[in-house]
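If you want the building blocks of each chain, they are given just below.
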Amino acid sequence: MISHLLGHPLRFTISTLKITCLAHLALSHALQVSPAQGPSMLPTFTVDGDWIAADMTYRLGRGVKVGDLVLYKIPIFATQNGVKRVIGMPGDYVSLGTPGEPGEEQMIQVPEGHCWIVGDNLPASRDSRQFGPLPLALIQGKIIGKILPWKDRQWAKDGLEKVDP
Amino acid sequence: MALSSLWARLRGSAAGGSTPSLTRATALHLIGFATWIPVIAWFNLHVAELTVVDGNSMYPFMNADRDSSLRRDVVLNYKWAPQEDLQRGMVVTLRSPFHPEVVAVKRVVALEGDVIKTKKPYPVSTVRIPQGHVWVEGDGPPGSSLDSNTYGPVSKRLLTGRVTHIVYPLSKLGPVKWWEHDRPLVE
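Residues numbered from 1 in each chain as written. Chains lettered and ligands numbered in written order. Predicted model: local features only at pLDDT ≥ 70, side-chain atom pairs only at ≥ 80, totals over all residues.

Some words on the overall build of chain A
Helix and strand counts for chain A stand at two helices and ten strands. Listing every helix and strand of chain A by position from the N terminus yields α-β-β-β-β-β-β-β-α-β-β-β. Dimensions of chain A, computed from C-alpha atoms along their principal axes, come out at roughly 80 × 40 × 35 Å. Considering only contacts within chain A whose residues lie at least 6 apart along the sequence, 52% involve residues at least 24 apart. (Helix = DSSP H or I, 4+ residues; strand = E, 2+ residues; numbered from the N terminus. Contact = placed C-beta atoms within 7 Å.)

Some points on the UniProt feature "domain: Peptidase S26" (unreviewed entry) in chain A
Residue and element names in this part refer to chain A. Following the UniProt record, one finds the feature "domain: Peptidase S26" (unreviewed entry) at residues 15-95 and 108-143. The annotated region residues 15-95 carries 19% helix and 35% strand content, and the separation between its end C-alpha atoms amounts to 52 Å. Summarising residues 108-143: 11% helix, 39% strand, and an end-to-end C-alpha distance of 26 Å. (UniProt positions renumbered as here; feature names shortened; annotations may be inferred.)

Side note on the UniProt feature "active site" (unreviewed entry) in chain B
Residue and element names in this part refer to chain B. Under the present numbering, the feature "active site" (unreviewed entry) in UniProt falls on Ser 57 and Lys 106. Look at the named residues: they lie 50 residues apart in sequence, but the longest C-alpha span between them is just 7.4 Å, so in the fold they bunch up. Counting through the fold element by element, Ser 57 comes out in the loop between β1 (48-52) and β2 (74-78). Each residue touching Ser 57, except ones within four places of it in the same chain, is listed here: Ala 104, Val 105, Lys 106, Gly 138, Gly 140, Ser 144, Ser 145 and Asp 147. Here Lys 106 is to be found in strand β4 (residues 103-110). Look past the residues within four positions of Lys 106 in its chain and what remains in contact with it is Ser 57, Val 92, Leu 94, Val 136, Glu 137, Gly 138 and Asp 147.

A closer look at the pairing of β4 of chain B
Residues and elements named next belong to chain B. Judged by how many residues are buried, β4 sits mostly within the fold: seven of eight residues are covered. Pairing of strand β3 (residues 91-95) with β4 involves five bridges; the strand directions are antiparallel. Paired with Val 91 across the bridge in β4 is Arg 107. In terms of strand pairing, β4 meets strand β7 (residues 133-137) through three bridges, oriented antiparallel. Bridged to Val 108 within β7 is Val 136. (Buried ≥ 20, exposed ≤ 12 C-beta atoms within 10 Å, placed from the backbone. Pairing = 2+ DSSP bridges.)

Some thoughts on the interface of chain B and chain A
Facing 19 residues of chain B, the contacting portion of chain A comprises 20 residues. No other element matches the four residues that helix α3 (residues 37-46) of chain B contributes to the side of chain B that touches chain A. Residues that form the side of chain B that touches chain A fall into these classes: nine nonpolar, six polar and four charged. (Nonpolar A, V, L, I, M, F, W, Y, C, P; charged D, E, K, R; others polar.)

Considerations on the UniProt feature "domain: Peptidase S26" (unreviewed entry) in chain B
In this structure's numbering, the residues bearing the UniProt feature "domain: Peptidase S26" (unreviewed entry) are residues 39-119 of chain B. Summarising residues 39-119 of chain B: 10% helix, 32% strand, and an end-to-end C-alpha distance of 43 Å.

Examining the pairing of strand β9 (residues 159-168) of chain B
Regular strands place side chains that alternate from one sheet face to the opposite one. Residue and element names in this part refer to chain B. Taken together, the five bridges between β2 and β9 define a ladder with antiparallel strand orientation. Across the sheet, Asn 77 pairs through a bridge with Val 163, a residue of β9. Sheet topology note: the β3/β9 ladder contains three bridges and is antiparallel. For Val 92, the partnering residue across the bridge sits in β9 and is Arg 162. Of the strand pairs in this sheet, β9 and strand β10 (residues 174-175) are connected by two bridges, and their pairing is antiparallel.

Overview of the nonpolar core
A general tendency of soluble globular proteins is for nonpolar side chains to be buried together. The biggest cluster of nonpolar side chains holds 52 residues, and the ones touching the most others in it are Val 70, Cys 115, Ile 117 and Ile 143 of chain A together with Val 92 and Val 136 of chain B. The dominant element in this core, judged by the number of residues it contributes, is β4 of chain B, at five residues. Excluding its chain neighbours within four sequence positions, the residues that come into contact with Val 92 of chain B are Pro 82, Lys 106, Val 108, Val 136, Leu 159, Gly 161, Arg 162 and Val 163 of chain B. (Core = buried A, V, L, I, M, F, W, Y, C linked by C-beta atoms within 7 Å.)

Here's the deal with the environment of Ser 34 of chain A
All names here are of chain A. Relative to the helices and strands, Ser 34 is located in strand β1 (residues 31-36). Separated by 17 residues in the primary sequence, Ser 34 and Trp 51 have C-alpha atoms spaced 5.4 Å apart. Each residue touching Ser 34, except ones within four places of it in the same chain, is listed here: Trp 51 and Ile 52.

Things to note about the environment of Phe 61 of chain B
With respect to the element layout, Phe 61 of chain B can be found in the loop between β1 and β2. As a C-alpha pair, Phe 61 of chain B and Leu 170 of chain B span 109 residues in sequence and 14 Å in three-dimensional space.

A short note on helix α2 (residues 22-34) of chain B
In an α-helix, one full turn covers 3.6 residues, which means residues spaced three or four apart are oriented alike. Helix length check: α2 of chain B (13 residues) gives 18 Å between terminal C-alpha atoms against 18 Å at 1.5 Å per residue, within 8%. Summarising burial for α2 of chain B: zero of the 13 residues are buried, a small minority. (Expected span 1.5 Å × (residues − 1).)

Points about the confidence of the model for chain B
All names here are of chain B. When pLDDT is averaged along chain B, the result is 85; 89% of the residues meet or exceed 70. For chain B, per-element mean pLDDT is lowest for helix α1 (residues 2-16), which scores 61, and highest for strand β8 (residues 154-155), which scores 94. The ipTM, which scores confidence in the relative placement of chains, is 0.81 for this predicted complex, and the corresponding pTM is 0.82. (pLDDT = per-residue confidence, 0-100.)

What to know about unusual backbone geometry
Going from Leu 148 of chain A to Pro 149 of chain A, the amide bond is cis rather than trans, its omega being -5°. Here Pro 149 of chain A shows up in the loop between β9 (139-148) and β10 (154-155). In this model, Lys 120 of chain B is joined to Pro 121 of chain B through a cis peptide bond whose omega is 0°. Inspection of the secondary structure puts Pro 121 of chain B in the loop between β5 (115-117) and β6 (126-128). Positive phi is not limited to glycine here, since Leu 60 of chain A has a value of about 65°. Within the secondary structure, Leu 60 of chain A sits in the loop between β2 (50-55) and β3 (69-73). In this model, Asp 85 of chain B sits at a positive phi of 55°, which is unusual for a non-glycine residue.

This is the structure in C-alpha cells:
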C-alpha cells in the first residue's frame, strides 16, 4: 500500500516529464502551430488573429527555396521570431532597397549560408533591408499554411508564376 | 483503453507469468528505455551536452596536442540561455553563419556597442558591433580560424551554448577560466 502511494506520484511525474519533452521536440522539429502578429505580411496574413502551421523539418534552411515563407529568429532581437518571404538564396543577386524607391538599383550577392528575406507588405516590414542577409541557421521552419480562422484556411503559396520562354 | 490493456498483458506475461519469456522481458526493457529518449534528446538540446572539439581554431587552448595525437578534447557545452549574461572572453558554440549545419567553437571578443579593431582578412579596420550581435574569434594565430574576421559580427541567436568545463584530457579537467583571457578591443 505504502509503496503504491509512493510509487504512483513518482510514476506520474516521470510520465509527465517524458510527454512534455516529446511534445517540445515535436513542436521544434516536426510541426508547430502558432499565432502570427504584425502588419509586415499583409495581405498574406492579417495583422492579428491568424494561426499558421510551420513544417519544422525545414529548420536551418534545409530545402528552403526562393518564394517560401519561413519562420525565423530575428537576428537583432533576443527572443522574437518572425515570418517573411525568401527572396534570394546563396549566390543570388538581390536589390538592397525597395522597388519604386531610391536605392533600388543597388544590388548585392547573397553570401554563402545566408538568404535574403522581405515581408509582403514592403512599407511596414522589418527585414533584410534593415538587418542584411539572414543566416540560414536562424530559419526554424517553413510556413505550410494558414489554419485559423478556419474559413480562411489555405496552403501557403510561393507567389511565383511560370512564364513561357 | 486498448493500449493500456495491451500494456497490462505485456507486463503480466513478462513479470508474473509462470514461464517468463526472455524475448518479452527484453522487449519490455527496450520499450521502457525508448520512452526516455525524448528526455535525453531534450536535455542534450537545451541543458547540457558533452561535445568533442574538432579542428584547431581554439588552439592552443583546446586540442593542444594536435601535432602529437589524434585524440581530441571533450568539453561540457552548457546550453541553457546561451544569449544571456555574455561576457568578453567567454568560450561559446555557435552555428557557423556560412555553414548552417556546422557548429563552431569560438571566443566572444566584443559585445554589442563595442568598437573593435579587426584583423585580416576583414575589409574594414574598425567595426562597431550592431544590436543583438557579438564578435567571435578563434584563439589561434590570424588566419587559422574561420571567425568574425571573415564573416563579420554574428547574431546572438546563432549561439547554441557556452563551454563551461573541459572534461578530457583529464590533466585539463575543470572549469574554463575564460576571464583570464585578454584581447584588447582597440589597440
